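What follows is the residue order along each chain.
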Amino acid sequence: MSDDMLLHLSSNSSNQSDQSTKFAKLEARLVGKASSAVTSSLPPPPQQQQQQQQQPQQPQARPSVSSASKFADDLVAQSSSSDSDDDIAGEFLIQANTQKRRKVQVDDSLTFSESVEAVDSLAKMAETLETKVNFDVGRKKHSRGRSQSGRGRGSRSNDQTRSQISASTISSLNGQLENSYHKDTKPKEQLQNDSHYSSEEEVLSLRAKVAALEEDLRKSRKETSDYQNLCRQLEKELKDLKDHEQQMKPKRTKIIADLLISVSKAERQEARLKVRQDSLRLGNVGVTRAGTLISETWEDGQALKDLNAHLKQLLETREAIERQRKSLKKKQADKGDGPDGENGVPEEDFLLQDEIYKSRLASIKREEETILRERDRYEFEKGRLIREMKRIRDEDGSRFNSFQILNHRYALLNLLGKGGFSEVYKAYDLVDHKYVACKLHGLNAQWSEEKKQSYIRHAIREYNIHKTLVHHHIVRLWDIFEIDHNTFCTVLEYCSGKDLDAVLKATPLLPEKEARIIIVQIFQGLVYLNRRVQKIIHYDLKPGNVLFDEFGVAKVTDFGLSKIVEDDVGSQGMELTSQGAGTYWYLPPECFELSKIPLISSKVDVWSAGVLFYQMLFGRRPFGHDQTQERILREDTIIKARKVEFPSRPTVSNEAKELIRRCLTYDQADRPDVLTIAHDPYLTYTKK
Ligand SMILES: Nc1ncnc2c1ncn2[C@@H]1O[C@H](COP(=O)(O)OP(=O)(O)OP(=O)(O)O)[C@@H](O)[C@H]1O
């Protein structure tokens, strides 16, 4: 309460002596009570303090003087009746003081309420301060959870400023509180003392909090600086590693390429050694001269010679026994004509002798069968040997056989095979680190410029079709680039397994289960080609164009003859512009139409797939198996292929035969297209 207020209060008191007397009495009693209350009880709880502070704020109607004096009398009475009750003394004291303040208010002017408001606002300040400190603690905890770097210089100075402000606010608040309370009247001293103590405690606690916060801040700053140092150190290490990596890259590439070349060289040596060894067993190519004509002929190796000799010997033995048996039978027959027992043998001896011959013939037959099987195996090995010899010869004659690195990226290794106009090399992609197949398209230097341009146009067309195809059962085309004026290269997904042609040469008959899973995969590739916006007819499906990866997944390749089905094509199909191309065993009758330009559709591929499936199951093609391409054309073999016939062996399911019949439907209009036949139950796997 301010001095002015006190003066004002005292002047009011002198004008109302009666009330002053009562008031003095009351104060005297209250002071006596207060001293005992202070010594015997703790300060009032904060809630009560708050109540005390808040009370003057509430708008109060000014009571009349008489009612005020009655109230004071009542208070005196209440006070005397509760003298003995020490436990509620403090509470009573506050209530009494509050009541007293109300009483004073009766006589007081607005100045008093203003002073009370001042005290109240100070209390609020303290409250705000408390809240602010709490907020700082919370904020600090929170910000420590976040990135340390988030707390910059500004943030630190804010903390400092905040703690300075807090300290100064606390001391000024403290001063204000002290001043305010010291200026209050005597009977209010106890109340002031209580408030003073609690404020001091609060200030002490706030100071302790500030000190704790400052300690936290110091630690956080240290942590931040440690993290920043660590961060700088890691950044430097990363940069060093990157520089090192950059420096090492060419070296590493060279090491990888060198290793691959060493392995490939070893493989080449091994392949040639094996060919030499196998040649001894299976045969070799010899050169024969007939006058001035030099030609190459095959000379069988020792194993084949031995097998053939063994077969010849068995044949001679069989013939000898058969002669013996014949003569025995003749004698026996003659016996019946001549005198009794003169030339013949007894019946029992004849039967025994004949049984011996028969048994020996049966055993010779078994031996012959075994040797024939062995000879078939040798023949197969011989075929493989001849292909390998050809490959080695092609490799030796290739201008890409010295492990070149093409386009600064593809390390050429060993030759996989040679096609009509191309060589396919196994290669290693030094950028993506994977094996690839590099198909080197060589243009014949003797060709006219026009022919070269036509070939390149054709290859680019194939590339443009193939590069957009991304499917599990289609060989991926990764890249294309020019090597020199006469050569360019396409980079394909590497399929380390054999192609279907090589598989069928090794085992001409496949079990139905194996054949089925291969044809299902081929149809899945075809379905993909026909579900695209730009549909594609492969047009050259044959065993050599079905490759297998290392896991045995079948993939369709070689889009050299493919056709893009344009949008405006009618239901009958598109015009076949490259008639005569392709492999005739696998093409449908409509492709041999000569009277007009044939219209084709995806049904061409359905026919080819049917031929492939038939060949896998029965070991031969359904039409013109033993014929040459030229003869097929000359004899109209496919044009006459109206109905497919199935051999009685091996046994194949009716479902498989039905699928083949549908694929090999002679009339194109009646033959299902790819998307229709893909729904055939035989081509879908469902759990039973
Ligand atoms: N992506 C590949 N992965 C592994 N081997 C392949 C790949 N592409 C082709 N080959 C193999 O390379 C050899 C030659 O392939 P290419 O396609 O040139 O021969 P082709 O089809 O017989 O000839 P053409 O293309 O003239 O008809 C074949 O033995 C084939 O199996």
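Residues numbered from 1 in each chain as written. Predicted model: local features only at pLDDT ≥ 70, side-chain atom pairs only at ≥ 80, totals over all residues. Heavy atoms only, no water.

## Considering the overall build of the chain
Helix and strand counts for the chain come out as 17 helices and 14 strands. Taking all 688 residues of the chain together, 40% fall into the buried category. Long-range contacts, defined as pairs at least 24 residues apart, comprise 67% of the intrachain contacts of the chain with a sequence gap of at least 6. Total accessible area on the chain is roughly 39800 Å²; 53% of this is exposed by carbon and sulfur atoms. (Helix = DSSP H or I, 4+ residues; strand = E, 2+ residues; numbered from the N terminus. Buried < 20%, exposed > 50% of the residue type's maximum accessible area, 1.4 Å probe, protein only. Contact = heavy atoms within 4.5 Å. Areas by Shrake-Rupley, 256 points an atom, 1.4 Å probe, with all protein chains shown as cover.)

## A look at the UniProt feature "binding site: ATP" (unreviewed entry) in the chain
Taking the UniProt record as the reference, the feature "binding site: ATP" (unreviewed entry) is found at Lys439. For Lys439, the position within the fold is in strand β6 (residues 434-442). Among all residues touching Lys439, those that are not within four sequence positions of it are Ser422, Glu423, Val424, Phe488, Cys489, Thr490, Leu492 and Asp558. (UniProt positions renumbered as here; feature names shortened; annotations may be inferred.)

## Some words on the site of the ligand
Around the ligand, 16 residues are found, and the nearest of them are Gly420, Ser422, Glu493, Cys495 and Asp499. Take Glu493: an N or O atom from its main chain is 2.8 Å from a nitrogen atom of the ligand. Within the contact set of the ligand, an oxygen atom lies 3.5 Å away from a side-chain nitrogen or oxygen of Asp558. Expressed as a share of its isolated accessible area of 620 Å², the protein-covered part of the ligand is 75%. When residues of the shell around the ligand are traced back to their parent elements, those giving at least two are β4 (410-418), β5 (422-429), β6 and β8 (487-493). Tallied by class, the residues present in the shell around the ligand amount to seven nonpolar, five polar and four charged. Looking at the shell around the ligand, you find at least three residues from each of domain 2 (405-493) and domain 3 (498-678). (Near = heavy atom within 4 Å. Polar contact = N/O pair within 3.5 Å; in protein donor to acceptor, adjacent residues only side chain to side chain. Nonpolar A, V, L, I, M, F, W, Y, C, P; charged D, E, K, R; others polar. Domains from an automatic or database assignment.)

## A look at the pattern of salt bridges
All told, the structure shown has 35 salt bridges when counted by the stated rule. Arg662 serves as the salt-bridge partner of Asp680, at 2.8 Å between the closest nitrogen and oxygen. Of the two residues, Asp680 sits in the segment after α17 (674-677) while Arg662 sits in helix α16 (residues 654-663), which places them 18 residues apart along the sequence. What makes Asp680 buried here is its relative accessible area of 7%. Classification of Arg662 by relative accessible area gives partly exposed; the value is 26%. (Salt bridge = Lys/Arg side-chain N within 4 Å of Asp/Glu carboxyl O.)

## Observations regarding unusual backbone geometry
Omega for the bond connecting Arg649 with Pro650 falls within 30 degrees of zero, at -5°, which places this linkage in the cis form. Mapped onto the elements of the fold, Pro650 is located in the loop between α15 (629-634) and α16. Residues other than glycine seldom take positive phi values, yet Asn407 does so here, at roughly 55°. With respect to the secondary-structure elements, Asn407 resides in the loop between β3 (405-406) and β4.

## Examining helix α14 (residues 603-618)
The terminal C-alpha atoms of α14, which comprises 16 residues, lie 23 Å apart, in line with the 22 Å expected from a rise of 1.5 Å per residue. Here α14 lies mainly inside the structure; 16 of its 16 residues are buried. (Expected span 1.5 Å × (residues − 1).)

## A look at the side chain of Ser398
Note that Ser398 resides in the loop between α10 (347-397) and β3. Apart from the residues within four sequence positions on either side, Ser398 is in contact with Glu423 and Tyr425.

## Some remarks on the packing of helix α13 (residues 512-531) against α14
When two helices pack together, their arrangement is given by the angle between the helix axes and the distance between those axes. Running from N to C, α13 and α14 cross one another at 165°; their axes reach a closest spacing of 9 Å. Classified by the angle between their axes, α13 and α14 sit roughly antiparallel to one another. Note on packing geometry: the crossing formed by α13 with α14 is right-handed. Where α13 abuts α14, its residues Glu512, Ala515, Arg516, Ile518, Ile519, Ile522, Phe523 and Leu526 lie against Asp605, Ala609, Leu612, Phe613, Met616 and Leu617. Class assignment for the residues of the contact of α13 with α14 results in eleven nonpolar, no polar and three charged. (Axes fitted to C-alpha atoms, helices over the stretch in contact; angles between N-to-C directions. Parallel < 35°, antiparallel > 145°, perpendicular 65-115°, else oblique. Left-handed = near helix turned anticlockwise from the far one by under 90°.)

## A short note on the environment of Ser422
Within the element layout of this structure, Ser422 appears in strand β5. Ser422 gets classed as buried once you look at its relative accessible area, which sits at 9%. Residues Ser422 and Gly442, 20 residues apart in the sequence, show an inter-C-alpha distance of 6.0 Å. Residues in contact with Ser422, not counting those within four places in the same chain, are Gly417, Lys439, Leu440 and His441.

## A look at the pairing of strand β1 (residues 283-290)
Judged from the eight bridges that link them, β1 and strand β2 (residues 293-300) form a sheet pairing that is antiparallel. Within the sheet, the bridge partner assigned to Ala290 lies in β2 and is Leu293. Counted along the chain from β1 to the antiparallel partner β2, the turn is two residues long, and its residue Gly291 has a positive phi close to 70°. (Pairing = 2+ DSSP bridges.)

## Digging into the environment of Ala303
Tracing the backbone through its elements, the reader meets Ala303 in helix α9 (residues 302-337). You can call Ala303 buried: its relative accessible area is 13%. Residues contacting Ala303, with those up to four places away along its chain left out, are Leu280, Arg281 and Tyr378.

## Some thoughts on the packing of α14 against α16
Their axes nearest at 8 Å, the elements α14 and α16 cross at an angle of 145°. The chirality of how α14 crosses α16 is left-handed. Where α14 approaches α16, its residues Val606, Trp607, Gly610, Phe613, Tyr614, Leu617 and Phe618 are matched on the opposing element by Ala656, Leu659, Ile660 and Cys663.

## Things to note about a nonpolar patch on the surface
Taken together, the side chains of Tyr227, Leu230 and Leu234 make up a nonpolar region of the molecular surface, amounting to roughly 310 Å² of accessible area. With respect to the helices and strands, the residue Leu234 is situated in helix α8 (residues 189-282). (Patch = residues over 30% accessible without salt bridge, like charges linked within 9 Å, V, L, I, M, F, W, Y side chains within 5 Å.)

## Details of the state of the cysteines
As used in these notes, a disulfide is a covalent bond between sulfur atoms, one from each of two cysteines. One pass over the full model with this rule turns up zero disulfides. Free cysteine: Cys438, not disulfide-bonded; nearest cysteine sulfur from Cys489 at 4.0 Å. (Disulfide = S-S within 2.5 Å.)

## Structural notes on the packing of aromatic side chains
According to the stated counting rule, one finds 13 aromatic pairs in the structure shown. Taking 5.6 Å as the distance between ring centres and 55° as the angle between the ring planes, the aromatic pair formed by Trp447 and Tyr455 counts as tilted. Assessed through its relative accessible area of 15%, Tyr455 is described here as buried. Aromatic pair Phe618 and Phe646: ring centres 5.8 Å apart, planes at 45°, arrangement tilted. With Phe618 in helix α14 and Phe646 in the loop between α15 and α16, this pair connects stretches of sequence that are 28 residues apart. Just as Phe618 is buried, Phe646 falls in that class too. Within the aromatic cluster, the residues linked to one another by ring pairs are Phe421, Trp447, Tyr455 and Phe488. (Phe/Tyr/Trp six-rings, centres within 6.5 Å; stacked < 30°, edge-to-face > 60°.)

## A word on the pairing of β8
Here β8 lies mainly inside the structure; seven of its seven residues are buried. Summarising the sheet, β6 and β8 pair through seven bridges and their orientation is antiparallel. By the bridge assignment, Leu440 is partnered in β8 with Cys489. Here strand β7 (residues 477-484) pairs with β8 via six bridges, running antiparallel. By the bridge assignment, Leu477 is partnered in β8 with Leu492. The hairpin formed by β7 and β8 contains two residues between the paired strands.

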